[in-house]
Amino acid sequence: MFDRMAAEILLSRCRGDEVWSLEHAKKMGVPDHWLDELQDCFESGFDHDRNTLYTDRGQVNQYHGVRDLDVAYRAAEFLGIPTAEIRRQPLSRHGQVAALQAEADEL
């Protein structure tokens, strides 16, 4: 059962710059209906390292999974955190997740 504690734990596991495999996301506790909505096939952008996707085998062109940034927003919204202001701020992906985690700590 997914509840507030599960959402808080899930949010704490997010960094903001990872794409989780569907299997890993399930192990992390992402609800199946979120996976249905959030999963996508992501493509590497080789213009900058932060836009390149890596697996344990090195760089990949495409990867099917869910962005932990999207999971963090969904978990925060589940907790009742207003996310619109954080989305508007010029923050890095790490910064956005840190802001969401800080808001969760205030609950």
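Since we're looking at a predicted model, the values are computed, not measured.

What counts as what
Residues numbered from 1 in each chain as written. Predicted model: local features only at pLDDT ≥ 70, side-chain atom pairs only at ≥ 80, totals over all residues. Heavy atoms only, no water. Helix = DSSP H or I, 4+ residues; strand = E, 2+ residues; numbered from the N terminus. Expected span 1.5 Å × (residues − 1). Buried < 20%, exposed > 50% of the residue type's maximum accessible area, 1.4 Å probe, protein only. Arc of directions from axis to C-beta. Contact = heavy atoms within 4.5 Å. Patch = residues over 30% accessible without salt bridge, like charges linked within 9 Å, V, L, I, M, F, W, Y side chains within 5 Å. Areas by Shrake-Rupley, 256 points an atom, 1.4 Å probe, with all protein chains shown as cover. Salt bridge = Lys/Arg side-chain N within 4 Å of Asp/Glu carboxyl O. Lys, Arg positive; Asp, Glu negative; His and termini not counted. Charge placed at Lys NZ, Arg CZ, Asp CG, Glu CD.

With respect to helix α6 (residues 93-105)
Line of reasoning, step 1. Taking 1.5 Å of rise per residue, 13 residues should cover 18 Å, and α6 covers 18 Å from first to last C-alpha, within 8% of that figure.
Line of reasoning, step 2. Gln96, Val97, Leu100 and Ala104 are the residues of α6 that are buried. Viewed end-on, α6 has its buried residues packed into an arc of 95°, placing them on one side of the element.
Line of reasoning, step 3. Buried residues along α6 sit against α1 (4-12), α4 (68-78) and α5 (84-88).

Digging into a negative patch on the surface
Line of reasoning, step 1. On the surface, Asp3, Glu8, Glu103, Asp105 and Glu106 cluster together into a negatively charged patch.
Line of reasoning, step 2. With respect to the secondary-structure elements, Asp3 resides in the segment before α1.
Line of reasoning, step 3. Taking relative accessible area as the criterion, Asp3 reaches 33% and is therefore assigned partly exposed.

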